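This is what each chain is made of:
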Amino acid sequence: MSKGKILGAVLIAGAFAAGSYWGGLNSAAVITSSSGGASFSGGYDASKDAELGADTVVIEEMKGEVRVVNDGESIMAAVKAANPGDTIQVMPGTYHETVYVDKENISIVGVIKEGARATMDGKGVLNDAVLYSGNNFLIENMKITGYKGNGIMGQAGNNFIIRNNLIVDTGVYGIFPQLGKNGIVDHNIISGIEDAAIYVGMSDNIQVSYNDVFESVAGIEIENSRHAIVESNYVHNNTGGILAFVTPGLPIKTTYDVIIRNNFVVDNNHKNFAIPGSTVGMIPAGSGIVIWAGDDVIVEGNIITNNKTAGILIAGHNDFGKGSNDPESEPNSDRTMILDNFMMNNGHDTIDEVKALLLTELKTGNADIINAGSGVDSCIINRHRYVTAGINGWKECDFTNTKDIKTYLLDKPVPPRVIDKSESGKIAYLGVCTGCHTYTDRMIGPPVNIIQALYMDNPEGIAEYIAKPTKKREDYPEMPPQDYLDEETRLAVAKYMLSRKN
Amino acid sequence: MIIFNPTRLALLFSFVVFTLSFNVNAEPDLTHNSDSAFKLKQTCPASFELMENGTCELRNMYQFYNSVQGRGLGGTQTSLPKHRDGFTPAQIDLGRYLFFDPALSKDNSISCASCHQPDKGFSDDLDRSIGITGEKVGRSAPTLWNVAFLDKFFWDARADTLEEQAVGPLFDAKEMGNSPEHLLKTLNAIPQYLAMFNVAFPNSDEITITNITKSLAAFQSTLISLNSRYDRYAHGYHEALNENEIKGLNIFRSFVARCAECHQPPLFTNNQVAVIGTPEAEGLPFDIGAEKTFNNKKNRGGFKVPTLRNIAKTAPYMHSGAMKDLREATEFYNKGRGHAIPEGEDLLIHWHIWEPDLQDKELDLIVEFLQTLTDESLTPQLPKRLPSGLPVIDADYAMQQAKHNIQQKQQKQQSIHTESGDEDE
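Residues numbered from 1 in each chain as written. Chains lettered and ligands numbered in written order. Predicted model: local features only at pLDDT ≥ 70, side-chain atom pairs only at ≥ 80, totals over all residues. Heavy atoms only, no water.

### Quick word on the overall build of chain B
Filter applied, for reference: Only DSSP runs of H or I with at least four residues qualify as helices, and only runs of E with at least two residues qualify as strands; both kinds are numbered from the N terminus onward. Relative accessibility thresholds used throughout: buried, under 20% of the residue-type maximum; exposed, over 50%; partly exposed, between the two (1.4 Å probe, protein chains only). Residue contacts follow a heavy-atom distance rule, with two residues in contact if any of their heavy atoms lie within 4.5 Å. Here, Shrake-Rupley sampling with a 1.4 Å probe gives the accessible areas, and only protein chains in the shown set may cover a residue.
Scanning chain B for helices and strands turns up 14 helices and four strands. When burial is assessed residue by residue, chain B has 57% of its 425 residues classed as buried. Considering only residue pairs separated by 6 or more positions, chain B has 69% of its internal contacts joining residues 24 or more positions apart. Total accessible area computed for chain B in this model is approximately 18100 Å², and 51% of it derives from carbon and sulfur atoms.

### What about the nonpolar core?
Using the following cut-off: In plain words, nonpolar cores are sets of buried Ala, Val, Leu, Ile, Met, Phe, Trp, Tyr and Cys residues tied together by side-chain atoms within 4.5 Å.
Counting 223 residues, the largest nonpolar core has I75, I108 and M120 of chain A together with Y193 of chain B as the members making the most contacts within it. When residues no more than four places from it in sequence are discounted, the contact partners of I108 of chain A are V79, I88, V90, V99, V101, F137, L138, I139, E140 and M142 of chain A. With 15 residues, the next largest nonpolar core counts F40, Y44, I405 and Y408 of chain A among its residues.

### Some thoughts on the interface of chain B and chain A
What counts here: For any pair of parts, buried area is found by adding up, for both, the accessible area (1.4 Å probe) each one loses once the two are put together. Within this document, salt bridges are pairs made up of a side-chain nitrogen of Lys or Arg and a carboxyl oxygen of Asp or Glu, the two lying within 4 Å of each other. Three classes are used, and their members are as follows: Ala, Val, Leu, Ile, Met, Phe, Trp, Tyr, Cys and Pro are nonpolar, Asp, Glu, Lys and Arg are charged, and the others, Gly among them, are polar.
Chain B puts 62 residues into the contact, and the matching count from chain A is 70 residues. Where chain B abuts chain A, roughly 5300 Å² becomes buried across the two surfaces, and 55% of that area is made up of carbon and sulfur atoms. Its largest share of buried area at the contact with chain A, chain B owes to F64, V68 and W351 of chain B, together 14% of the area lost on that side. Scanning the region where chain B abuts chain A turns up four salt bridges. The shortest N-O distance in the salt bridge between E328 of chain A and K152 of chain B comes to 3.4 Å. Only strand 1 (48–50), helix 8 (229–234) and helix 9 (243–253) of chain B provide two or more residues apiece to the side of chain B that touches chain A. A per-element tally of the side of chain B that touches chain A places helix 9 of chain B first, with five residues. A class-by-class count of the residues in the side of chain B that touches chain A yields 21 nonpolar, 28 polar and 13 charged.

### Notes on the packing of aromatic side chains
We count it as follows: In this analysis, rings of Phe, Tyr and Trp, with Trp reduced to its six-membered ring, are considered paired at centre separations within 6.5 Å, and the interplanar angle assigns stacked below 30 degrees, edge-to-face beyond 60, and tilted for intermediate values. Here, a charge over a ring is recorded when the distance from Lys NZ or Arg CZ to the ring centre is within 6 Å and its angle to the ring normal is within 35 degrees.
Scanning all chains against the criterion turns up 27 aromatic pairs over all chains. Between the aromatic rings of F176 of chain A and F255 of chain B, the centroid separation amounts to 5.1 Å while the plane-to-plane angle is 85 degrees, which identifies the pairing as edge-to-face. Within this pair, whereas F176 of chain A is found in strand 13 (residues 173–178), its partner F255 of chain B is found in the loop between helix 9 and helix 10 (259–262), the two belonging to separate chains. For F176 of chain A, a relative accessible area of 0% puts it in the buried group. Note on F255 of chain B: relative accessible area 0%, which makes it buried. Here the aromatic residues F99, F100, F122, W145 and F219 of chain B are joined through ring pairs into a cluster of three or more. The ring of Y97 of chain B is capped by R96 of chain B, whose NZ or CZ atom sits 5.1 Å from the centre of that ring. Its guanidinium or amino end placed over the ring of F154 of chain B, R158 of chain B lies 3.7 Å from that ring's centre, counting from NZ or CZ.

### Describing the sheet that holds strand 6 (residues 118–121) of chain A
All names here are of chain A. As a reminder of what qualifies: Strand pairing requires that DSSP identify at least two bridges connecting the strands. The axes used here are C-alpha line fits, helices contributing only the stretch in contact, and every angle between their N-to-C directions lies in the interval 0 to 180 degrees.
Ordered by their spatial adjacency, ten strands build an open sheet running 3-6-9-12-15-18-21-24-27-30, and the pairing between neighbours is parallel. Among the strands making up the open sheet, the edge pair consists of strand 3 (93–95) and strand 30 (342–344). Strand after strand, the sheet turns through a mean of 10 degrees between neighbouring axes, direction not considered. As paired elements, strand 15 (residues 189–191) and strand 18 (residues 212–214) share three bridges and run parallel to each other. Within strand 18, the residue paired with I189 across the bridge is D212.

### A few points about unusual backbone geometry
Residue P266 of chain B is reached from P265 of chain B by a cis peptide bond, and omega for that bond is 0 degrees. Following the sequence through the fold, P266 of chain B ends up in the loop between helix 10 and strand 3 (273–275). The step from A315 of chain B to P316 of chain B runs through a cis peptide bond, and the omega angle for that step is -5 degrees. Relative to the helices and strands, P316 of chain B resides in the loop between strand 4 (302–304) and helix 12 (326–334). A positive phi angle, near 50 degrees, is found at K123 of chain A, a position not held by glycine.

### Notes on the sheet that holds strand 10 (residues 150–155) of chain A
Where strands meet in a sheet, backbone hydrogen bonds hold them as pairs that are either parallel or antiparallel. Taken in spatial order, the eleven strands make up an open sheet running 4-7-10-13-16-19-22-25-28-31-33 (chain A), and their pairing is parallel. The open sheet is flanked by strand 4 (99–101) and strand 33 (388–389) of chain A, the only strands paired with a single partner. As paired strands, strand 28 (residues 310–315) of chain A and strand 31 (residues 369–371) of chain A are joined by three bridges and run parallel to one another. Looking across to strand 31 of chain A, one finds that I314 of chain A is bridged to N371 of chain A. Relative to strand 4 of chain A, helix 9 of chain B is tilted by about 90 degrees, and along the sheet it contacts strand 4, strand 7 (130–132) and strand 10 of chain A.

### Digging into the UniProt feature "domain: Cytochrome c" (unreviewed entry) in chain A
Using the following cut-off: UniProt positions are given in the numbering used here, feature names are shortened, and annotations may be inferred rather than shown by experiment.
With numbering aligned to this structure, UniProt lists the feature "domain: Cytochrome c" (unreviewed entry) at residues 420–501 of chain A. Summarising residues 420–501 of chain A: 50% helix, 0% strand, and an end-to-end C-alpha distance of 22 Å.

### Section: the domain arrangement of chain B
Residue and element names in this part refer to chain B. Definition in use: An automatic or database domain assignment supplies the start and end points of every domain. Whenever a nitrogen or oxygen atom comes within 3.5 Å of another N or O atom, the pair is scored as a polar contact, on the condition that within protein one atom can donate a hydrogen and the other can accept it, and that pairs from neighbouring residues in sequence are kept only if both atoms are in side chains.
Here chain B is described as being made up of domain 1 (35–153 + 167–223 + 384–404) and domain 2 (229–373). Contact residues are listed per partner, giving 32 residues for domain 1 and 31 residues for domain 2. For the domain 1 face of the interface with domain 2, the top three residues by lost area are Y62, R139 and K152, together amounting to 22%. Here domain 1 and domain 2 share one salt bridge between them. Ionic pairing is found between R139 and D287, a salt bridge with its closest N-O pair at 2.7 Å. There are ten residue pairs in polar contact (both at pLDDT 80 or more) connecting domain 1 and domain 2. When grouped by side-chain class, the residues that make up the side of domain 1 that touches domain 2 number eleven nonpolar, twelve polar and nine charged.

### Quick notes on the state of the cysteines
All names here are of chain A. Defined as follows: Only a pair of cysteine sulfur atoms within 2.5 Å qualifies as a disulfide here.
In total, this model carries two disulfides over all chains according to the counting rule given. In this model C379 forms its disulfide with C397; the gap between the sulfur atoms is 2.1 Å. Between C379 and C397 the disulfide shows an S-S torsion of about 95 degrees. By sign, it is right-handed. A residue pair is termed long-range when its members are at least 10 positions apart, and C379 in strand 32 (residues 379–380) and C397 in the loop between strand 34 (395–396) and helix 4 (421–431) qualify at 18 residues.

### Considering helix 4 (residues 162–171) of chain B
Residues and elements named next belong to chain B. What counts here: Of all possible arcs, the one meant is that of the directions from the helix axis to the C-beta atoms.
Considered for burial, the residues of helix 4 that qualify are L162, E163, Q165, A166, P169 and L170. Summarising the axial view, the buried residues of helix 4 lie within an arc of 155 degrees, below the 170-degree limit, and thus occupy one face. The secondary structure elements touched by the buried residues of helix 4 are helix 5 (180–188) and helix 7 (209–220).

### Digging into helix 4 of chain A
Across the eleven residues that make up helix 4 of chain A, a large majority, eight, are buried. Every buried residue belonging to helix 4 of chain A is among S424, G425, K426, I427, A428, Y429, L430 and G431 of chain A, and all of these are buried. Among the structural elements, helix 5 (448–455) and helix 7 (487–499) of chain A together with strand 1 of chain B are those in contact with the buried residues of helix 4 of chain A.

### Some thoughts on the UniProt feature "domain: Cytochrome c" (unreviewed entry) in chain B
Residue and element names in this part refer to chain B. UniProt tags residues 90–198 and 243–374 as "domain: Cytochrome c" (unreviewed entry). Taken as a whole, residues 90–198 contains 38% helix and 0% strand, while its terminal C-alpha atoms sit 10 Å from one another. With 31% helix and 5% strand, residues 243–374 has its two end C-alpha atoms placed 18 Å apart.

Written out as structure tokens, the structure reads:
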């Protein structure tokens, strides 16, 4: 925040400061008992999630082979050989490789023997340790260190589980599921990360719990994501503890329905060592929880102590940082809800901006809760417990707990999109075959009516041929194999091809 | 009825004489054009299904997947975002004729395809395209592959639909130089087009700008490129890429290079505007890009993230064409955040741009991977002739094609001679 802005804020806020002082702060505290009372009823109803559809099919539990990788062997080789449903057991030892998983239903399980873990070491040379894009991916019990990029990065895989991993001194993000739905990140220990130890990006229906994250720039970041619960984590000595952000300029524009509850958010005073230009580079050391343009964020039951700038900071894109250049991202943090939290000794060595905001309300104490933004419809209970600025306009919450929301995870895994089996042949035919074949004319491949004449009642013959084509005609190029289509689809496409009349 | 600029006319004339005299081309006699009927196709282009209501809908393998928020972003098996389709075969085919017809420009000298040539990735090979005045226009010509999936057009994202985009170059003084009145006058004077518009738009009894741009949009939305070798890999056939290409893919999507954060599969764009600080050609003023579109200083120097599909076909690169090949374009990102920002400019560079410190070998591998995104299997056919009687694309192009055909013929003859010579021995 520029000095001009601060001065402006002081002047504007000063105009109503006296009024709110006499009208609000001196009245008797409203004490709300959080042992009883109503539970939060808003938020997300998974049964109404349009993306899931009414007749979704539950993925069958796939029990595949167990493939054992011993010290000196390659995890990647095992992944290459694996079929959907397989589990890869990695024995203790040191592995120097990048493992990518572009397959469904793969589990990588580190075996821990007498405390010794399977260790992936990037030796400061390799980029990422694990990249997955398949659905239903599980990784557990691994140790990951020395990579330049990410420890574990997800790319649009749904139904993931990332747990019990030890990730230290590894590049940009420790655990980074991105563009996935329905995932769990729990019981991991992560430290020494230049950006966020755990970064949930552009995802939905997420549970982040029981992790120990420390000595990173950001501890846990929920960014451009919805329906996320961050609970029971130990978040300490990062620059910023737990963040709920809308980062502008990304294709998915919202963060909402985030519950941050029952975490230890303590001593997050680490020097900011973020990469120049990164969003978290603006976070002042000593920020416990930061809500930046995120909506419907509930903060409940956390122990938030000794964060030197403030316990909870709430702001919008236009109030804090470099601002937004994205006309499609709404800049304010709306409907922040702060329930009971234990807060102590926060803001003891704060920044000028926070001091200025406190001053507008004629306060000088250690900052617990600072709202620098202009979001609407926020609420708080038992506000008398904390040193605050910018929340005088907030109403009393009409609920005291989130007990009724056990999880935002889905009852059933996200299914792959269900395509009517009768359609799969048509889609493959139109999507792929018509690129090279027309019904009557020569294109890249021979015309379909010629193929029909050759195979008449033999769709199996076509299905077999397209999986492993051989050169048949001198004057045509060899057909590329279509064995990325599963057997069923190959037969369906063959049948569809034979049924074509034009 | 058609007004020719004298030099173009001369060029066209010489082309006609040239082609006729060598008889290398099966083009019909242009003077008899009005006698031959142009029949618009009744079938949908490849990859499209003809629906019962007579419109064409796109089918592709990415329909088998889903994606967070339906935005079509992220991993290998991710559905695509919403797209344009639902045009009739006649509208698509009419659009094809219009797209390749120089009659759409003020002086009949250039067509849409002059800057978006099918054999050059629907771009041209220029740093900045050359318009009707013979001068270079403001920015390079973006590819038209997969525009059906986009919701922002032009480098500076100033149009939201293909129809809105189309009127840009048509009526820009430096590009096609036309005016709505003149364009309508030209097309209305061509009986073939009157008949074709009647078939494509049976409810409208005259040619309108709306129907022209709709046809162009219909045609452009059929330029689909989703069957590259990369796609075979994405659908599960991992042998489609070799070891190096997979290494390249992994560097591309790693969070060290971070290419895939903006060029997100499967479209290899995220449809966003990003400020990355690429340079202008020497001597040109700084291009403010999307600052103007959004009236926001923070978008200064911001441009649309282009798709990387068929990227190997569309050199040179970036809005200014400042990078001659893919290696140079890739290297730009490795040279560090903001290294090319001119002095005095203060840009809000996208946070994904940093200093990845990739090795030379890794840059080479990324370039190798980018080649796997090439798929031109659904390239539409060039019309053999046009209702206007003008050469397809433009006279320059026709001249080059004619020369090319002659060369090929000569080579063929030479080889026959050589072969027969061998036989003599």
